[in-house]
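# Structural overview
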Amino acid sequence: MTAASPRSTEHRIDPDMLARWSPRAFSTEIMPQADLLTVLEAGRWAPSAFNAQPWHFIYARRDSAAWDGFVDLLNPFNQDWARHASALVFIASNLTRADSKGQRLPVRSHAFDAGAAWGLMALQATKLGWHAHAMAGFDHDRAMAALGVPEDWRLEVAVAIGRRGEAASLPEGLREREVPSARKPLAEIATEGRFS
């Protein structure tokens, strides 16, 4: 347990990883373009199979013309809190990649690789004093069309990024949940030799 986080680990990890969590209460502070680009740059450097980098980040800052349209793509539950964030980023993953002959091949790890990019983005946001909250609750079909995502891509998540706000700004049912969450015991998710 650290002063920055009420959570504790079973094994020692970098404190920045423990400080990262996904709040829903955001202030309406404007995120500088440079900070957002730094977060996206961290995602760019994620590892990927064949170094295919099968991700694409589509973003809007709260002071941009695209903001309301991005918020509108979220489901009503997520709209209630994410509208207070400073930026929204949709992360798409490419279902295919070109081989050396230009043939399109399926990428089995596209979602895994895009998830690695999201993880680095979330850590970078925390290092800059921002927080990031990924969500799958959005209208996938409408978002694909509205954001101009090609057919051989898939939208994985939307990410709200912002400075932490007051829990009192959340709907009543979410206020008590506005704390860093615990994790399952390591023995429940890691086994040697076989799955179980």
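In this report, the structure presented in the accompanying data block is examined. (Residues numbered from 1 in each chain as written. Predicted model: local features only at pLDDT ≥ 70, side-chain atom pairs only at ≥ 80, totals over all residues. Heavy atoms only, no water.)

### Some words on the overall build of the protein chain
- Looking only at helices and strands, the protein chain has eight helices and six strands in total.
- Expected size for 196 residues packed as a compact globule is a radius of gyration near 16 Å; at 18 Å, the protein chain falls within 12% of this value.
- By principal-axis analysis of the C-alpha atoms, the protein chain measures approximately 55 × 50 × 30 Å.
- Burial statistics for the protein chain: of 196 residues in total, 41% are counted as buried.
- Counting only contacts in the protein chain whose residues sit at least 6 apart along the sequence, the fraction spanning at least 24 positions is 72%.
- For the protein chain, the exposed area adds up to about 11,400 Å²; of that, 54% sits on carbon and sulfur atoms.
- If the 22 positive side-chain charges of the protein chain are averaged to one point and the 23 negative ones to another, these points end up 4 Å apart. (Helix = DSSP H or I, 4+ residues; strand = E, 2+ residues; numbered from the N terminus. Rg over C-alpha atoms; globule rule 2.2 N^0.38 Å. Buried < 20%, exposed > 50% of the residue type's maximum accessible area, 1.4 Å probe, protein only. Contact = heavy atoms within 4.5 Å. Areas by Shrake-Rupley, 256 points an atom, 1.4 Å probe, with all protein chains shown as cover. Lys, Arg positive; Asp, Glu negative; His and termini not counted. Charge placed at Lys NZ, Arg CZ, Asp CG, Glu CD.)

### Re unusual backbone geometry
- With a phi angle near 50°, Asn51 is a residue other than glycine that sits in the positive phi range.
- Along the chain, the position of Asn51 falls in the loop between α2 (33-44) and β1 (55-61).
- Backbone geometry at Gln53 places phi at a positive 50°, although glycine is not the residue there.
- Examined against the element boundaries, Gln53 turns out to sit in the loop between α2 and β1.

### Focus: helix α5 (residues 110-127)
- Counted at 1.5 Å a residue, the expected span for α5 with its 18 residues is 26 Å, and the 26 Å between its end C-alpha atoms agrees.
- Restricting attention to buried positions, one finds in α5 the residues His110, Asp113, Ala114, Ala117, Trp118, Met121, Ala122, Ala125 and Thr126.
- In the segment just after α5, Gly129 is the residue with positive phi, at about 90°. (Expected span 1.5 Å × (residues − 1).)

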